[in-house]
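Spelled out, the chains give:
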Amino acid sequence: MSKPQGLIGRLRLRWKVVIILMMLSILILLLLLISVIGVLHHHHHHHSHPYYDTTQYDNTSDDNHKIAFLFLARRDLPLDFLWTAFFHNADVTRFSVYIHSSSLGFVFNQSTTSSPFFYNRQLSNTIKVVWGESSMIAAERLLFDAALKDTSNQRFVLLSDSCVPLYNFTYIYNYLMSSPNSFIDSFLDTKDKRYNPNMSPVIPYQKWRKGSQWVSLIRRHAQVIVDDHVIFPIFKKFCKRRPPIDPSKGNLNILLQKQHNCIPDEHYVQTLLAMNDLEEEIDRRTVTYTVWNQSATKMENKGWHPVTFDYANAGPKQINAIKAINHVYYETEYRTEWCRTNSIAAPCFLFARKFTRGAAMRLLSEGVMGPFDTSALNTHS
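Note that the structure is a prediction, hence the values are computed from the model and not measured. The numbering scheme is per chain: residues are counted from 1 as the chain's sequence reads. In keeping with the model being predicted, local features are shown solely for residues with a pLDDT of at least 70 and side-chain atom pairs are shown and tallied solely at 80 or more, while totals for entire chains, interfaces and linings include all residues. Side-chain figures throughout are based on the complete set of non-hydrogen atoms in the structure, without hydrogens or water.

### Details of the overall build of the chain
This is how the line gets drawn: Here a helix means four or more residues in a row that DSSP labels H or I, a strand means two or more in a row labelled E, and each is numbered from the N terminus. Using a 1.4 Å probe on the protein chains alone, a residue whose accessible area is under 20% of its type maximum counts as buried, one over 50% counts as exposed, and one in between counts as partly exposed. Residues count as neighbours in contact if any of their non-hydrogen atoms are within 4.5 Å of one another. Using a 1.4 Å probe, the Shrake-Rupley method yields the accessible areas, and only the shown protein chains count as cover for residues.
The secondary structure content of the chain amounts to 10 helices and 13 strands. Looking at the chain as a whole, 45% of its 381 residues are labelled buried. Within the chain, counting contacts between residues at least 6 apart in sequence, those at least 24 apart form 77% of the total. By element, 58% of the accessible surface of the chain is carried by carbon and sulfur atoms, the whole surface being about 20,700 Å².

Dropping the structure here:
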């Protein structure tokens, strides 16, 4: 009986070895499978969207997203002392400054500005800007182009040399960054006579828009403006300001006043974005307050010019009245635009123009715009 028992013992040992080997094989296969899945997951994570970064416009994904403040200046910035106080307590990683000075060769340094925030912030590529001509649009495009080179810039605010902020930096930053949209005053003016039929078919009348040039853009819309090589040439050719009446020209004025009249900077951005079917991505209002001279409404050739705020009318009562505005009515569209940012009710305006140096000094001295640190001005003349 010893031989069969020995045989059975050897068979049992072999089966144990076989079972152990099978278990080891299964374990190895499982480890290989887990490794392959990990590689595939890693590959998918990095290459599922090879053409764009899905977090590029996510306002909460990057604490260093910046607002680019873009100044269109005739020469210098006469309200630099006010902007010094505005930027003084701001996180320098959250904003950038770019200046286009129409005074060719003008440099912002210690001898030309009291604000270190403006030192050497002028564009190297500048042009002579004439109000009411396409050169204004060209200067805006240069500012957007320069600011787009910094990928941290995610909002682009166009400002004049007479603009003032109505709130402190933190409020304005949160206001603009919390909205995924651009803020662009844009409407269809049913009484408009500026559309030139020669623009058709490149620019059809139904895409023609009007509005304030003072816009606040998201990055994608700023890129659309810089990349445009179709609409801008049409504006240069067919959207031109009618020359003002010149008494020295006598009866020639009658002929000149028959010329088509168009103000390019009040139509370009609005029309371009409409042409690109991007109006669903904008809040159709500006964040910069302007009061227009009503005496010019009946005669365009007199020129439309904004009312200037001086020391006397820049007190708390006037400024708080601007800050209390919560809607804008567009008469030609019978549209009331209730002001919101990211679907939350908000004041309409963050900036205002045109302000004199005296008016800006009153804003600082009376603290109308909030807690500015005016000690920032003590070291500057």
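### Description of the sheet that holds strand E13 (residues 351–352)
Hydrogen bonding along the main chain pairs the strands of a sheet, whether they run parallel or antiparallel. Our working rule: In this description, strands pair whenever DSSP reports at least two bridges between them.
Ordered by their spatial adjacency, three strands build an open sheet running E4-E13-E8, and the pairing between neighbours is mixed. Because the sheet does not close on itself, it has two edges, and the strands there are strand E4 (164–165) and strand E8 (288–289). Pairing of E8 with E13, which is carried by two bridges, proceeds in the parallel orientation. Residue pairing across strands places Thr288 opposite Phe351, the latter belonging to E13.

### Some thoughts on a nonpolar patch on the surface
Stated precisely, the cut-off is as follows: A patch is a set of surface residues, each over 30% in relative accessible area and not in a salt bridge, joined within 9 Å for like charges and within 5 Å for the nonpolar side chains Val, Leu, Ile, Met, Phe, Trp and Tyr. Just to be clear on terms, a salt bridge is a Lys or Arg side-chain nitrogen sitting within 4 Å of an Asp or Glu carboxyl oxygen.
Judged by side-chain polarity, Leu13, Val17, Ile20, Leu21, Leu24 and Leu27 come together as a nonpolar surface patch covering roughly 550 Å² of accessible area. The residue Leu21 is located in helix H1 (residues 2–47) in this model.

### A few points about the environment of Trp83
Note that Trp83 resides in helix H2 (residues 80–88). You can call Trp83 buried: its relative accessible area is 2%. In this structure the C-alpha to C-alpha distance between Trp83 and Phe117, which are 34 residues apart in sequence, comes to 8.4 Å. Apart from the residues lying within four places of it in its own chain, the contact partners of Trp83 are Phe69, Phe71, Phe118, Leu159, Cys163, Val164, Pro165 and Phe351.

Scope: geometric values only; no functional claims are made or implied.
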